[in-house]
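Coordinates in review
The residues making up each chain are set out below.
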Amino acid sequence: MTTPDQGRGCLTTSAEAPAPAPAPLRPVGRAGWVRNAAARVVGWTIGRPAVVELRAVLDAYDGAGGGLASGGLAYAALVALLPGMLLVVSIMGLLLPNPANRAAVVA
């Protein structure tokens, strides 16, 4: 029998055995203690409902090509703003031919 895995479209079979629990970590010096503490914090954090929901949203964002779309949007905004700024600067140069007036407007 197959069941959806938390509504994400993944299918698991009920005949599959659950993954075995990891062996307890044994500290080896100071670096081992830090690794064990970090592993406990990560293990506790990953299981929180808000983190699980956030990871699901980010997975969907990544699967839909969200990074590519946001990069394209940023590039299009830059390409659209640059000519507009050049237009404003050139009109200001035409309307304010005196360098002293131009400096007063810019400052």
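The structure reproduced in this document is the subject of the present report. If you're wondering where the values come from, they're calculated on a predicted model, not measured in any experiment. (Residues numbered from 1 in each chain as written. Predicted model: local features only at pLDDT ≥ 70, side-chain atom pairs only at ≥ 80, totals over all residues. Heavy atoms only, no water.)

What follows deals with the overall build of the protein chain. Helix and strand counts for the protein chain come out as 4 helices and 2 strands. Reading the helices (α) and strands (β) of the protein chain from amino to carboxyl end gives β-β-α-α-α-α. Put simply, the protein chain has 107 residues, and 4% of those count as buried. Total accessible area on the protein chain stands at roughly 9,200 Å², and carbon and sulfur atoms take up 71% of it. (Helix = DSSP H or I, 4+ residues; strand = E, 2+ residues; numbered from the N terminus. Buried < 20%, exposed > 50% of the residue type's maximum accessible area, 1.4 Å probe, protein only. Areas by Shrake-Rupley, 256 points an atom, 1.4 Å probe, with all protein chains shown as cover.)

On the surface, L54, L58 and Y61 cluster together to form a nonpolar patch covering roughly 310 Å² of accessible area. For L54, the location among the structural elements is in helix 2 (residues 49-63). (Patch = residues over 30% accessible without salt bridge, like charges linked within 9 Å, V, L, I, M, F, W, Y side chains within 5 Å. Salt bridge = Lys/Arg side-chain N within 4 Å of Asp/Glu carboxyl O.)

Let us now look at helix 2. A rise of 1.5 Å per residue sets the reference length of helix 2, with its 15 residues, at 21 Å; its end C-alpha atoms lie 21 Å apart and thus fit the reference within 8%. In the stretch just after helix 2, G65 is the one whose phi turns positive, near 80°. (Expected span 1.5 Å × (residues − 1).)

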